[in-house]
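Residue strings, one per chain:
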Amino acid sequence: MMSVKKTVLLGVFLGFAGCAAPSVYGQNCAASKQAAIECFVGNAVTTKLTEPRYGMTLPQFKAYGVAVSDILQTNHTYLVLIGISSAIADALPPKNANGSTNQSAQDLAVAQIVDAAIAGGFAPLPSSVTAQQLRWFTLDLVNAMNDNDGMMQMLTPGVGLRIIDSYVVTGTSGGRVNWPLVDASLTSAVQSFISSGLMKIPVGHTPAQVEAFVSSVAQAIYAYKVSTNRLAL
């Protein structure tokens, strides 16, 4: 498990690619874990190995570096986000139906699905981490997975999103989605998966939380399809 965490940390921080030189800002890099990470990020920016992204300021970028470390110390939040990221990279690529780029559609889907996972209690926030930092972390993962040489199509981690979308498609008539019907169908499907043993509810969670999460994901998928002019995933 620790090896997995270290691998993920390395992947996310490839953009940081920090160095071991003393901080140019005069910070005592050995004072704490937080100080060490902030120096790591600050030196990487100073030496132009990376730069703040998603509109972050340098202080926000440093804080994000600390947040990533904290996320990877959780028992399962980072695993949930990795699963979400691989599913999105597979089923919700940053492209329109005609093949042109549409990064904003994928970014919005990331934000909506991560928010749904947080709201449902499936991706608890570490005490020092914000919801925005969880979104940035997931965006970093998704962006890294977008370039996969077709491997995602073979592994199909987005099959769950496509199953959810099939209910949206079935509940659509004349270009309009009958959301009460879609939600009722998804609830029935979740209950069926649970009763058959195909889905296990995490300890401390309820079927109702899963149903609410799936409903929110369906809404995110629909918004993505409208933006990318897709009829189905």
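Small disclaimer: the values here were computed from a predicted structure and weren't measured. Every chain's residues receive numbers from 1 upward, in the order its sequence appears when written. Per-residue local features are limited, in this predicted model, to residues with pLDDT of at least 70; the limit for side-chain atom pairs, both in listing and counting, is 80 or more; totals at the level of whole chains, interfaces and linings are taken over all residues. Remark: hydrogens and water are excluded; side-chain values derive from all non-hydrogen atoms of the structure.

1. Looking at the overall build of the protein chain
What counts here: A run of H or I in DSSP counts as a helix once it spans at least four residues, and a run of E counts as a strand once it spans at least two, with each numbered from the N terminus. The buried label applies to any residue whose accessible area, calculated with a 1.4 Å probe on protein chains only, is under 20% of its type's maximum; exposed applies above 50%, and partly exposed to all values in between. Note on contacts: a residue pair qualifies if any of its non-hydrogen atoms lie within 4.5 Å across the two residues. Under the convention used here, a 1.4 Å probe and the Shrake-Rupley method define accessible areas, while residue burial counts only the protein chains that appear.
For the protein chain, the helix and strand inventory stands at 10 helices and 2 strands. Starting at the N terminus, the α and β elements of the protein chain follow one another as α-α-α-α-α-α-α-α-β-β-α-α. Buried positions account for 41% of the 233 residues belonging to the protein chain. Within the protein chain, residue pairs in contact and separated by at least 24 positions form 69% of the contacts whose partners lie at least 6 positions apart. When the accessible surface of the protein chain is summed, it comes to about 11,800 Å², and 60% of that surface belongs to carbon and sulfur atoms.

2. So, the packing of aromatic side chains
For the record, the criterion: Side-chain rings of Phe, Tyr and Trp (the six-membered ring for Trp) are treated as a pair once their centres are within 6.5 Å; stacked means planes under 30 degrees apart, edge-to-face means over 60, and tilted covers the remaining angles.
Following the criterion strictly, the structure yields 3 aromatic pairs and no others. Judged by centre distance (5.6 Å) and plane angle (55°), the ring pair of F122 and F213 falls under tilted. Here F122, found in the loop between α5 (103-119) and α6 (131-146), pairs with F213, found in helix α10 (residues 207-228); they are 91 residues apart in sequence, far enough to count as distant.

3. Considerations on the environment of I118
As for its placement among the helices and strands, I118 is situated in helix α5. Here the alpha-carbon distance between I118 and A131, two residues 13 residues apart in the chain, equals 7.8 Å. If we ignore the near neighbours within four places in the chain, the residues touching I118 are A123, L125, A131 and L134.

4. Focus on the nonpolar core
To keep it simple, the criterion reads: In this description, a nonpolar core means a group of buried Ala, Val, Leu, Ile, Met, Phe, Trp, Tyr and Cys residues linked to one another through side-chain atoms lying within 4.5 Å.
I88, L92, F137 and L161 are the most contacted members of the largest nonpolar core, which has 48 residues in total. Taken together, the elements giving at least two residues each to this core come down to α2 (33-46), α3 (58-71), α4 (77-91), α5, α6, α8 (159-170), α9 (179-196) and α10. Looking at this core element by element, the count peaks at 7 residues for α10. L92 has contacts with A87, Q106, A109, I113, L161, Y224 and L233, leaving out every residue within four places of it along the chain.

5. Looking at the packing of α5 against α6
To keep things clear, this is the line we draw: In this analysis an axis means a line fitted to C-alpha atoms, helices contributing only their contacting stretch, and an angle means the value between N-to-C directions, from 0 to 180 degrees. An angle below 35 degrees is read as roughly parallel, one above 145 as roughly antiparallel, one from 65 to 115 as roughly perpendicular, and any other as oblique. By definition, turning the near helix anticlockwise from the far helix through less than a right angle yields a left-handed crossing, and turning it clockwise yields a right-handed one. Residue polarity follows a fixed list, in which Ala, Val, Leu, Ile, Met, Phe, Trp, Tyr, Cys and Pro are nonpolar, Asp, Glu, Lys and Arg are charged, and the others, Gly among them, are polar.
Across the interface, α5 lies against α6 with an axial gap of 9 Å and an inter-helix angle of 130°. Overall, the two elements α5 and α6 adopt an arrangement that is oblique. Remark: the crossing between α5 and α6 carries right-handed chirality. Between α5, through Q103, Q106, D107, V110, A111, V114, D115 and I118, and α6, the contact on the second element is made entirely by A131, L134, R135, T138, L139, V142, N143 and N146. Here the residues of the contact of α5 with α6 are counted per class, giving 8 nonpolar, 5 polar and 3 charged.

6. With respect to a nonpolar patch on the surface
How we decide: Two distance rules govern patches: like charges are joined within 9 Å, and nonpolar side chains (Val, Leu, Ile, Met, Phe, Trp, Tyr) within 5 Å, applied only to residues with over 30% relative accessible area and no salt bridge. Salt bridges, as used here, are contacts in which a Lys or Arg side-chain nitrogen is within 4 Å of a carboxyl oxygen on Asp or Glu.
Side chains of M151, M154 and L155 sit close together on the surface and give an oily, nonpolar patch of about 350 Å² of accessible area. Checked against the element boundaries, L155 lands in helix α7 (residues 151-155).

7. Quick notes on the state of the cysteines
Stated formally: Count a disulfide wherever a pair of cysteine sulfur atoms falls within 2.5 Å.
Inspection of the entire model under this criterion finds 1 disulfide. For C29, the disulfide goes to C39, at an S-S distance of 2.0 Å. Around the S-S axis, the bridge from C29 to C39 shows a dihedral of about -90° and counts as left-handed. Note that C29 is positioned in the loop between α1 (2-12) and α2 and C39 in helix α2, a separation of 10 residues in sequence.

8. A closer look at unusual backbone geometry
Unusually for a residue other than glycine, Y54 sits at a positive phi of about 55°. Its location among the elements puts Y54 in the loop between α2 and α3. A relative accessible area of 31% places Y54 in the partly exposed class. Phi at D149 is positive, roughly 55°, even though this residue is not glycine. For D149, the position within the fold is in the loop between α6 and α7.

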